[in-house]
Amino acid sequence: MLGERASVLHHDRYYRAPPAGVDLDSFNFDHPDSLETALMVDHVDALLAGRPVDAPRYDFAHHRRELATDRIDPRPIVFVEGILVLSDAALRARADVSIFVDAPSDIRLARRIVRDATQRGRSPLIVVERYLREWLSANAASGYVDFDEASEQFSLNPEQQFIFASPESPFL
């Protein structure tokens, strides 16, 4: 719909590789420390300044960044998408508009199963087991409340994206 008028940065591109030797089944990928958000902030700044960026690619099957990157060209509007983007003060400071999606846990699980099975090569059973272990445990529930659910306070609308726009954008 916005085509040449908008760039999109997905927070999922900025995952860090888990530390060597860590048990991947116990590593919490849903914690802000699992993402290199400072690099994303640098990329947002570059796009807003009219410079292209080479956004990382993350290999979810092998839990590491790929060597290849994707060129993202600057546009008048920059969308920043991800479940933890509102938890970062530096990203929030750059947003003209922020939107939070408050989805029920069963919908989040269904979306995760579809995404992980189709895009990340995981079986539905593995996705459900991980969800039950992480999201329904006391620690993970606390993480969701502390980072994702708590970030709703920074949003003006009931969807979850940032919209960044250059001052000359005709959409603001």
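Conventions adopted
- Residues numbered from 1 in each chain as written.
- Predicted model: local features only at pLDDT ≥ 70, side-chain atom pairs only at ≥ 80, totals over all residues.
- Heavy atoms only, no water.
- Helix = DSSP H or I, 4+ residues; strand = E, 2+ residues; numbered from the N terminus.
- Buried < 20%, exposed > 50% of the residue type's maximum accessible area, 1.4 Å probe, protein only.
- Contact = heavy atoms within 4.5 Å.
- Areas by Shrake-Rupley, 256 points an atom, 1.4 Å probe, with all protein chains shown as cover.
- Phe/Tyr/Trp six-rings, centres within 6.5 Å; stacked < 30°, edge-to-face > 60°.
- pLDDT = per-residue confidence, 0-100.
- Salt bridge = Lys/Arg side-chain N within 4 Å of Asp/Glu carboxyl O.
- 1 Å grid on protein atoms, 1.4 Å probe; cavity = no way out; pocket = protein on both sides within 12 Å on 5 of 7 lines; lining within 4 Å.
- Points joined across faces, edges and corners; volume = space filled by probe spheres on them.
- Nonpolar A, V, L, I, M, F, W, Y, C, P; charged D, E, K, R; others polar.
- Core = buried A, V, L, I, M, F, W, Y, C linked by side-chain atoms within 4.5 Å.

K.L.:
Tell me about the overall build of the protein chain, residues and numbers included.
P.N.:
Along its length, the protein chain carries five helices and six strands. Listed N to C, the secondary structure of the protein chain is β-α-β-β-β-α-β-α-α-α-β in terms of helices and strands. Taken over 172 residues, the protein chain has a buried fraction of 37%. Partitioning the intrachain contacts of the protein chain with sequence separation of at least 6 by distance along the chain shows that 72% fall at a separation of at least 24. Accessible surface for the protein chain amounts to roughly 9,600 Å². Of this, 54% is attributable to carbon and sulfur atoms.

K.L.:
Tell me about the packing of aromatic side chains, and name the residues and values.
P.N.:
Tallied over the entire structure, the rule returns three aromatic pairs. Geometrically, the ring pair formed by Tyr 15 and Tyr 58 is tilted, given 5.5 Å between the ring centres and 45° between the ring planes. Residue Tyr 15 is found in the loop between strand 1 (6-10) and helix 1 (37-48), and its partner Tyr 58 is found in strand 2 (residues 53-59); the two are separated by 43 residues along the sequence. We note that Tyr 15, like Tyr 58, is buried. Ring geometry for Tyr 15 against Phe 60: centres 5.8 Å apart, planes inclined by 80°, an arrangement best described as edge-to-face.

K.L.:
Any details on the environment of Ala 55? Residues and values, ideally.
P.N.:
Locating Ala 55 in the fold gives a position in strand 2. Take Ala 55: its relative accessible area is 0%, and that puts it in the buried class. Linking Ala 55 and Thr 69, residues 14 residues apart in sequence, is a C-alpha distance of 5.4 Å. Ignoring anything within four residues of it in the chain, the contact list for Ala 55 reads Leu 9, Arg 13, Tyr 14, His 43, Thr 69, Asp 70 and Ile 72.

K.L.:
Account for the confidence of the model for the protein chain, naming residues and giving values.
P.N.:
Taken as a whole, the protein chain shows an average pLDDT of 79; of its residues, 76% reach a score of 70 or greater. Here residues 138-142 is a poorly scored stretch, pLDDT under 50, and it has four contacts once near neighbours within four places are set aside; other chains count. Counting interchain partners and residues more than four positions distant, the pLDDT-below-50 stretch residues 157-172 has 64 contacts.

K.L.:
Describe in detail the pattern of salt bridges, supporting the description with residues and values.
P.N.:
For the coordinates displayed, the defined rule picks out nine salt bridges. Linking Glu 4 and Arg 75 is a salt bridge whose minimum nitrogen-to-oxygen distance equals 3.1 Å. One end of the pair, Glu 4, is in the segment before strand 1; the other, Arg 75, is in the loop between strand 3 (64-72) and strand 4 (77-81), with 71 residues separating them in the sequence. A relative accessible area of 22% means that Arg 75 is categorised as partly exposed. The salt bridge involving Arg 13 is made with Asp 70; its shortest N-O contact spans 2.9 Å. Taken together, the residues span a long stretch of sequence, with Arg 13 in the loop between strand 1 and helix 1 and Asp 70 in strand 3 at a distance of 57 residues. On the basis of relative accessibility, which here comes to 18%, the residue Arg 13 falls in the buried class. Linked through salt bridges whose partners overlap, the residues forming this network are Arg 13, Arg 57, Glu 66 and Asp 70.

K.L.:
Lay out empty space enclosed by the protein with the relevant residues and their values.
P.N.:
Using a probe with the size of a water molecule, rolled over the atoms, empty space left in the structure can be pinpointed. As enumerated under the stated definition, the model contains two cavities of 30 Å³ or more in all. When its volume is computed, the second largest cavity comes out at roughly 30 Å³. Considering the residues around the second largest cavity, the lining is formed by His 11, Asp 12, Tyr 15, Leu 35, Gly 82, Ile 83 and Leu 84. Each residue belonging to the lining of the second largest cavity can be placed in one class, and the counts come to four nonpolar, two polar and one charged.

K.L.:
Any chance you could break down the nonpolar core for me, citing the residues and the numbers?
P.N.:
Counting residues in hydrophobic clusters, the biggest one holds 16 residues, and the most contacted among them are Leu 9 and Met 40. If you list the elements that add at least two residues to this core, you get helix 1, strand 2 and strand 4. Tallying contributions element by element places helix 1 first for this core, with five residues. When sequence neighbours within four positions are dropped, the list of residues in contact with Leu 9 reads Tyr 14, Met 40, His 43, Val 44, Leu 47, Ala 55, Ile 72, Phe 79, Val 80 and Glu 81. Tyr 15, Phe 27, Leu 35 and Tyr 58 belong to the second-largest nonpolar core, a separate cluster that totals seven residues.

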